[in-house]
Amino acid sequence: VQLQASGGGSVQAGNSLRLSCVASGDTLSDYFMGWFRQAPGKEREFVAGISRAALRSYYSDSVKGRYTISRDNIKNIVTPQMNGLKPEDTANYYCAARAASTEGPYERAPTYYYWGRGTQVTVSS
(Lines give C-alpha, C1' and ligand atoms only; values in the text may rest on other atoms or scores of the structure.)
Protein backbone atom coordinates (compact mmCIF):
# COMPACT_ATOMS: atom_id res chain seq x y z
CA VAL A 1 0.00 0.00 0.00
CA GLN A 2 1.22 3.51 -0.83
CA LEU A 3 0.52 6.32 1.60
CA GLN A 4 0.40 10.03 0.87
CA ALA A 5 0.17 12.50 3.74
CA SER A 6 -0.87 16.11 3.32
CA GLY A 7 -2.40 19.04 5.16
CA GLY A 8 0.59 20.38 7.05
CA GLY A 9 1.32 24.06 7.35
CA SER A 10 2.32 26.94 9.58
CA VAL A 11 -0.14 28.14 12.19
CA GLN A 12 -0.14 30.11 15.41
CA ALA A 13 -0.57 28.43 18.75
CA GLY A 14 -4.16 27.64 19.59
CA ASN A 15 -5.20 27.11 15.99
CA SER A 16 -6.11 23.87 14.24
CA LEU A 17 -4.94 21.76 11.33
CA ARG A 18 -6.44 18.75 9.65
CA LEU A 19 -4.01 16.27 8.15
CA SER A 20 -4.91 13.58 5.67
CA CYS A 21 -3.38 10.30 4.63
CA VAL A 22 -4.64 8.79 1.39
CA ALA A 23 -3.89 5.16 0.67
CA SER A 24 -3.64 3.49 -2.71
CA GLY A 25 -2.71 0.10 -3.99
CA ASP A 26 -4.54 -1.89 -1.35
CA THR A 27 -7.62 -1.87 0.85
CA LEU A 28 -7.10 0.42 3.81
CA SER A 29 -9.45 -1.63 5.97
CA ASP A 30 -6.80 -4.36 6.15
CA TYR A 31 -4.51 -2.14 8.20
CA PHE A 32 -4.20 -0.55 11.58
CA MET A 33 -3.22 3.05 10.89
CA GLY A 34 -0.90 5.21 12.92
CA TRP A 35 0.43 8.73 12.87
CA PHE A 36 3.88 9.59 14.10
CA ARG A 37 5.87 12.79 14.27
CA GLN A 38 9.52 13.65 14.36
CA ALA A 39 11.05 16.95 15.38
CA PRO A 40 14.64 17.86 14.51
CA GLY A 41 17.08 16.06 16.77
CA LYS A 42 14.38 13.89 18.31
CA GLU A 43 13.20 10.35 17.81
CA ARG A 44 10.06 9.57 15.88
CA GLU A 45 7.18 9.35 18.33
CA PHE A 46 3.70 7.90 18.21
CA VAL A 47 0.89 10.44 18.06
CA ALA A 48 -2.35 8.59 17.31
CA GLY A 49 -3.65 5.31 15.96
CA ILE A 50 -6.93 3.84 14.84
CA SER A 51 -8.09 0.26 14.46
CA ARG A 52 -9.17 -1.21 11.14
CA ALA A 53 -12.89 -0.64 11.60
CA ALA A 54 -12.40 2.58 13.58
CA LEU A 55 -13.81 0.97 16.69
CA ARG A 56 -10.83 2.04 18.78
CA SER A 57 -8.52 5.02 18.69
CA TYR A 58 -5.37 5.64 20.65
CA TYR A 59 -3.45 8.79 21.52
CA SER A 60 -0.21 9.77 23.13
CA ASP A 61 -0.54 11.65 26.39
CA SER A 62 0.87 14.76 24.75
CA VAL A 63 -2.04 15.07 22.30
CA LYS A 64 -4.90 13.40 24.14
CA GLY A 65 -7.90 15.68 24.27
CA ARG A 66 -6.61 17.85 21.42
CA TYR A 67 -6.28 15.44 18.51
CA THR A 68 -8.99 13.25 17.05
CA ILE A 69 -8.23 10.55 14.50
CA SER A 70 -10.79 9.13 12.10
CA ARG A 71 -10.81 7.01 8.98
CA ASP A 72 -12.98 6.36 5.96
CA ASN A 73 -12.28 2.91 4.55
CA ILE A 74 -14.42 3.59 1.49
CA LYS A 75 -12.40 6.64 0.52
CA ASN A 76 -9.18 5.05 1.82
CA ILE A 77 -8.30 8.04 3.94
CA VAL A 78 -7.21 8.59 7.53
CA THR A 79 -7.60 12.01 9.05
CA PRO A 80 -6.25 13.42 12.30
CA GLN A 81 -7.90 16.64 13.39
CA MET A 82 -5.45 18.64 15.48
CA ASN A 83 -6.88 21.34 17.72
CA GLY A 84 -5.28 23.60 20.28
CA LEU A 85 -1.91 23.34 18.61
CA LYS A 86 1.16 24.18 20.64
CA PRO A 87 4.71 25.09 19.59
CA GLU A 88 5.86 21.70 20.88
CA ASP A 89 3.63 20.06 18.26
CA THR A 90 6.02 21.34 15.59
CA ALA A 91 7.35 18.34 13.68
CA ASN A 92 7.21 16.38 10.47
CA TYR A 93 4.12 14.16 10.65
CA TYR A 94 3.99 10.70 9.07
CA CYS A 95 1.18 8.25 8.51
CA ALA A 96 1.93 4.55 8.66
CA ALA A 97 0.15 1.25 8.22
CA ARG A 98 0.62 -2.14 9.79
CA ALA A 99 -1.13 -5.41 9.11
CA ALA A 100 -3.69 -6.61 11.61
CA SER A 101 -1.56 -9.66 12.38
CA THR A 102 1.41 -7.54 13.44
CA GLU A 103 2.61 -8.19 16.95
CA GLY A 104 4.05 -5.61 19.25
CA PRO A 105 2.83 -2.32 20.69
CA TYR A 106 1.15 -0.01 18.20
CA GLU A 107 3.22 2.85 19.64
CA ARG A 108 6.42 1.38 18.24
CA ALA A 109 7.39 2.72 14.83
CA PRO A 110 9.32 -0.42 13.74
CA THR A 111 6.07 -2.43 13.86
CA TYR A 112 4.74 -0.45 10.89
CA TYR A 113 5.70 -1.69 7.43
CA TYR A 114 4.30 1.04 5.22
CA TRP A 115 5.11 4.72 5.59
CA GLY A 116 4.13 7.85 3.76
CA ARG A 117 6.30 10.87 3.24
CA GLY A 118 5.96 13.41 6.00
CA THR A 119 4.02 16.62 6.07
CA GLN A 120 5.49 19.49 8.07
CA VAL A 121 3.54 21.15 10.86
CA THR A 122 4.95 24.34 12.34
CA VAL A 123 3.30 26.06 15.28
CA SER A 124 4.47 29.49 16.35
CA SER A 125 3.84 31.10 19.70
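Residues numbered from 1 in each chain as written. Predicted model: local features only at pLDDT ≥ 70, side-chain atom pairs only at ≥ 80, totals over all residues. Heavy atoms only, no water.

The subject of this paragraph is the state of the cysteines. Disulfide: a covalent bond formed between the sulfur atoms of two cysteine residues. In the structure shown here, the tally under the stated rule is one disulfide. Paired by a disulfide, Cys21 and Cys95 hold their sulfur atoms 2.2 Å apart. Handedness here is read from the sign of the S-S torsion; for Cys21 and Cys95, about 65°, the answer is right-handed. On the criterion of sequence distance, the pair formed by Cys21 in strand E4 (residues 20-24) and Cys95 in strand E10 (residues 91-99) is long-range, its members being 74 residues apart. Accessibility assignment for this pair places Cys21 and Cys95 in one class, buried. (Disulfide = S-S within 2.5 Å. Helix = DSSP H or I, 4+ residues; strand = E, 2+ residues; numbered from the N terminus. Buried < 20%, exposed > 50% of the residue type's maximum accessible area, 1.4 Å probe, protein only.)

This brings us to the environment of Asp61. As for its placement among the helices and strands, Asp61 is situated in the loop between strand E7 (57-59) and strand E8 (67-72). The sequence separation of Asp61 and Phe46 amounts to 15 residues, and the corresponding C-alpha distance is 10.0 Å. There is a polar contact of 3.4 Å between the side chain of Asp61 and the side chain of Lys64. (Polar contact = N/O pair within 3.5 Å; in protein donor to acceptor, adjacent residues only side chain to side chain.)

Relative to the helices and strands, Thr119 is located in strand E12 (residues 119-124). We classify Thr119 as buried; its relative accessible area is 9%. Not counting the four nearest positions on each side in its chain, Thr119 is found in contact with Ala5, Ser6, Gly7, Gly8, Leu19, Ala91, Asn92 and Tyr93. (Contact = heavy atoms within 4.5 Å.)

A separate point is the pairing of E4. Regular strands have side chains that alternate between both faces of the sheet. Of the pairings in the sheet, the one linking strand E1 (residues 2-6) to E4 comprises five bridges and is antiparallel in character. Directly across from Leu3, in E4, lies its bridge partner Ala23. Pairing of E4 with strand E9 (residues 77-82), which is carried by two bridges, proceeds in the antiparallel orientation. Its bridge partner lying in E9, Val22 is registered against Ile77. (Pairing = 2+ DSSP bridges.)

This part covers the packing of aromatic side chains. The final tally for this structure, using the stated rule, is 12 aromatic pairs. Relative to Tyr106, the ring of Tyr58 lies with its centre 4.3 Å away and its plane at 40°, an arrangement referred to as tilted. Of this pair, Tyr58 sits in strand E7 while Tyr106 sits in the loop between E10 and strand E11 (114-115), placing them 48 residues apart in sequence. Take Tyr106: its relative accessible area is 22%, and that puts it in the partly exposed class. (Phe/Tyr/Trp six-rings, centres within 6.5 Å; stacked < 30°, edge-to-face > 60°.)

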